[in-house]
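Letter by letter, the chains look like this.
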Amino acid sequence: MEYTLTGGTLVSHGTKAHTGDLNIQDGRIVSRRGSVSVDLRGESYVYPSLISTHDHLQGNYLPAVGPQPGTFYLTWLPWDNDLKASETFRERSQLTREDLYALSGYKCLFSGVTTVNDHFPQKINSAILPTLPIRAILEYGLAHECSSYDLKWGDGIEVEHKRAVENKWPFITHLCEGFDEESMRGVETLESLGVLDNHCLLVHCISFSDADIKKAAQAGASVSWCGRSNMFMFNVTAKVRKMIQAGVNVTIGTDSSATGSENFLAELKYDRNLYRSMYGEDLPAEKMFEMVTHNAAKALWMGDRVGTLDEGKLGDILVLKAGNDNPYENLVNASMENIELLILAGMPIYGEMRFLDILGGTLPSGYTQIKVSGRPMFVKGDPAGLYSEVRRKIGFKKILGYLPFEDN
Ligand SMILES: [Fe+2]
């Protein structure tokens with residue numbers, strides 16, 4: 001498959017946004033023009049598609065579960081207990097694990113995310129992740145949290161970290177998600193085990209001290225900031241401005257929708273507002289763009305494959321309607337209805353019907369048609385069938401806000 005998107009504004013790390021052609025061949029971005037071309041008519045921005053560095057794909061069922069009104073948690077542990085006792089959990093238990101993962105795949109797709117980390121042991125997710133319409137990475141080492149009372153995921157911190165180093169993978173763990181003595185020692189724990197380095201993708205980090213921030217920066221570690229989840233559970237989030245100023249590689253995750261934003265685009269808006277309320281100034285939209293593309297690719301040790309529009313990278317592309325003169329503001333303020341086209345490794349997986357020429361002019365097998373904000377769209381798989389099946393199993397017309405399509 002080879003094709004060219006012409007007449008769009010290309011937006012990528014390291015270059016000024018400019019009008020140009022984007023050529024795709026055999027799944028990758030190339031310099032040679034393709035035999036099929038689609039004209040974006042100067043009305044669209046072309047970005048690398050988005051990367052969410054933290055989610056739990058079994059947990060994207062709604063509504064969210066949190067502390068009693070007017071209270072907040074000290075650690076994640078009471079939340080886990082509340083979740084398991086909740087109506088949300090009871091309801092979602094009527095679905096299969098495959099159903100829940102498929103819903104999450106579409107949560108990502110409909111918000112422009114083509115790469116995500118499902119923070120969960122590979123023993124449980126490795127058979128399901130390849131079935132999703134987007135890329136949920138399989139190559140990572142992990143721990144649940146690095147505390148004595150954590151959920152003991154994986155083969156232990158040192159073994160998982162060593163595997164990550166040997167394979168050039170990230171080592172991903174929740175860290176400092178709480179304010180008990182042990183949570184607050186997270187960085188010391190990693191240091192004492194000799195694993196605090198640039199493979200570490202540390203999730204939440206809400207109780208980081210200034211010294212922890214400095215150590216994380218010096219080690220070259222990355223942080224996944226999940227603002228909505230943090231505020232919902234703890235009424236406080238990471239010291240993001242200090243982390244950025246210190247040189248920490250900051251990225252963004254939704255966490256699961258059981259505590260985080262409904263989807264990734266909602267998370268961007270939430271985090272922008274949160275930053276403004278914390279610091280009285282804007283987190284520059286261009287900085288946020290970097291966090292969800294280039295920085296996130298680096299954090300996942302995928303910078304050689306995704307995160308920019310450079311030649312040779314995989315064709316992971318998000319095309320948004322240009323509704324703002326500033327392409328970065330356009331992204332940060334985007335909603336699901338602004339997505340015109342989403343491409344995974346050169347293959348369009350969701351888009352307006354005018355892009356169907358790339359797929360040969362007719363709806364290929366394995367795709368279906370849906371309607372989003374009045375626009376007929378093609379999509380990989382059958383999200384409408386999934387939604388119907390979920391509603392049948394639950395027994396009523398459940399609304400999951402991250403599925404934007406209209407009922408047929
Ligand atoms: Fe999490």
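Residues numbered from 1 in each chain as written. Predicted model: local features only at pLDDT ≥ 70, side-chain atom pairs only at ≥ 80, totals over all residues. Heavy atoms only, no water.

This brings us to the sheet that holds strand β8 (residues 135-136). Strands pair in a sheet through their backbones, by hydrogen bonds, and they do so in one of two ways: parallel or antiparallel. As summarised here, the arrangement of the 3 strands in space is β6-β7-β8, forming an open sheet in which the pairing is parallel. Of all the strands in the sheet, the pair left with one neighbour each is β6 (50-55) and β8. Across 2 bridges, strand β7 (residues 113-118) lies against β8 in parallel orientation. Directly across from T115, in β8, lies its bridge partner R135. (Pairing = 2+ DSSP bridges. Helix = DSSP H or I, 4+ residues; strand = E, 2+ residues; numbered from the N terminus.)

For the protein chain, the assigned domains read domain 1 (2-45 + 303-361) and domain 2 (51-299). Every contact between the two is made by 26 residues of domain 1 and, on the other side, 27 residues of domain 2. When domain 1 packs against domain 2, the two sides together hide about 2200 Å² of surface, and 67% of this comes from carbon and sulfur. When the buried area of domain 1 at its contact with domain 2 is split by residue, H13, Y328 and V332 rank highest and sum to 27% of it. Where domain 1 touches domain 2, the interface holds 2 salt bridges. Between R272 and E329 there is a salt bridge, and its shortest N-O distance comes to 3.0 Å. On the surface where domain 1 and domain 2 come into contact, there are 6 residue pairs in polar contact (both at pLDDT 80 or more). Secondary structure elements with two or more residues in the side of domain 1 that touches domain 2: α13 (327-332), β15 (339-344) and β16 (347-352). The residue inventory of the side of domain 1 that touches domain 2, partitioned by class, reads 16 nonpolar, 7 polar and 3 charged. (Domains from an automatic or database assignment. Contact = heavy atoms within 4.5 Å. Buried area = accessible area lost by both parts, 1.4 Å probe. Salt bridge = Lys/Arg side-chain N within 4 Å of Asp/Glu carboxyl O. Polar contact = N/O pair within 3.5 Å; in protein donor to acceptor, adjacent residues only side chain to side chain. Nonpolar A, V, L, I, M, F, W, Y, C, P; charged D, E, K, R; others polar.)

Our focus in this paragraph is the nonpolar core. A general tendency of soluble globular proteins is for nonpolar side chains to be buried together. Judged by nonpolar contacts, the single largest core of 106 residues is most densely connected at F110, F208, W225 and Y350. The greatest single-element share of this core, amounting to 7 residues, is contributed by helix α3 (residues 97-109). Split by domain, this core shows at least three residues from each of two domains, domain 1 (2-45 + 303-361) and domain 2 (51-299). If sequence neighbours within four positions are ignored, Y350 has contacts with L109, F110, I339, E340, L341, L342, I370, V372, M377, F378 and V379. Ranked by size, the runner-up nonpolar core spans 20 residues in total, among them L22, I317, V319 and L359. (Core = buried A, V, L, I, M, F, W, Y, C linked by side-chain atoms within 4.5 Å. Buried < 20%, exposed > 50% of the residue type's maximum accessible area, 1.4 Å probe, protein only.)

Note on the iron ion: its protein donors are H54 (NE2), H56 (NE2), H174 (NE2) and D255 (OD). The metal-donor distances range over 2.1 to 2.5 Å. Metal-centred angles of 86 to 174° between the 4 donor atoms at the iron ion mark the site as irregular. Sequence spacing of the donors to the iron ion: H-x1-H-x117-H-x80-D. Of the two residues, H56 is situated in the loop between β6 and α1 (77-84) and H174 in strand β10 (residues 171-175); the sequence distance between them amounts to 118 residues. Here the two residues H56 and H174 agree in accessibility, since each one is buried. (Donors = N, O, S within 2.8 Å, 3.2 Å for Na, K, Ca; no water. Tetrahedral: all angles 85-135°; square planar, octahedral: opposite > 155°, others 65-115°.)

Looking now at unusual backbone geometry. Between L62 and P63 the backbone carries a cis peptide bond, its omega angle lying at 0°. Relative to the assigned elements, P63 resides in the loop between β6 and α1. You will see that C176, though not glycine, has its phi angle at about 50°, which is positive. For C176, the position within the fold is in the loop between β10 and α6 (186-192).

Right, let's talk about the pattern of salt bridges for a bit. Following the criterion strictly, the structure yields 26 salt bridges and no others. Notably, a salt bridge pairs K152 with D150, separated by 3.0 Å at the nearest N-O pair. The exposed category is assigned to K152, whose relative accessible area is 53%. Taken together, the shared-partner salt bridges in this structure form one network comprising D99, E389, R392 and K393.

On the surface, L74, F179 and M184 cluster together to form a nonpolar patch covering roughly 270 Å² of accessible area. Mapped onto the secondary structure, L74 falls in the loop between β6 and α1. The class for L74 is exposed, based on a relative accessible area of 51%. (Patch = residues over 30% accessible without salt bridge, like charges linked within 9 Å, V, L, I, M, F, W, Y side chains within 5 Å. Areas by Shrake-Rupley, 256 points an atom, 1.4 Å probe, with all protein chains shown as cover.)

Attention now goes to the packing of aromatic side chains. Within a pair of aromatic rings, the relevant descriptors are the distance that separates the centres and the angle that separates the planes. All told, the structure shown has 11 aromatic pairs when counted by the stated rule. Between Y45 and Y47, the ring centres sit 6.1 Å apart and the planes meet at 55°, which makes this aromatic pair tilted. Seen from their ring centres, F110 and Y350 are 5.0 Å apart, and the 90° between their planes marks the pair as edge-to-face. Placement of the pair is F110 in the loop between α3 and β7 and Y350 in strand β16, with a sequence separation of 240 residues. Within the aromatic cluster, the residues linked to one another by ring pairs are Y106, F110, Y350, Y387 and F405. The lysine or arginine in question, R391, covers the ring of Y387, its NZ or CZ lying 3.8 Å from the ring centre. (Phe/Tyr/Trp six-rings, centres within 6.5 Å; stacked < 30°, edge-to-face > 60°. Lys NZ or Arg CZ within 6 Å of the ring centre and 35° of its normal.)

Restricting attention to buried positions, one finds in α1 the residues W79, D80 and L83. Down the axis of α1, the buried side of the element spans an arc of 100°, and every buried residue falls inside it. (Arc of directions from axis to C-beta.)

With parallel pairing, 5 strands are arranged side by side in an open sheet as β9-β10-β11-β12-β13. This sheet does not close on itself; its edge strands, each paired only once, are β9 (141-143) and β13 (249-252). Strand after strand, the sheet turns through a mean of 25° between neighbouring axes, direction not considered. Looking at chain direction, strand β11 (residues 200-204) and strand β12 (residues 222-225) are connected through 3 bridges and run parallel. Across the sheet, residue L201 finds its bridge partner in β12, namely S222. Together, β12 and β13 form the strand contacts of helix α10 (residues 264-279), whose direction differs from that of β13 by roughly 125°. (Axes fitted to C-alpha atoms, helices over the stretch in contact; angles between N-to-C directions.)

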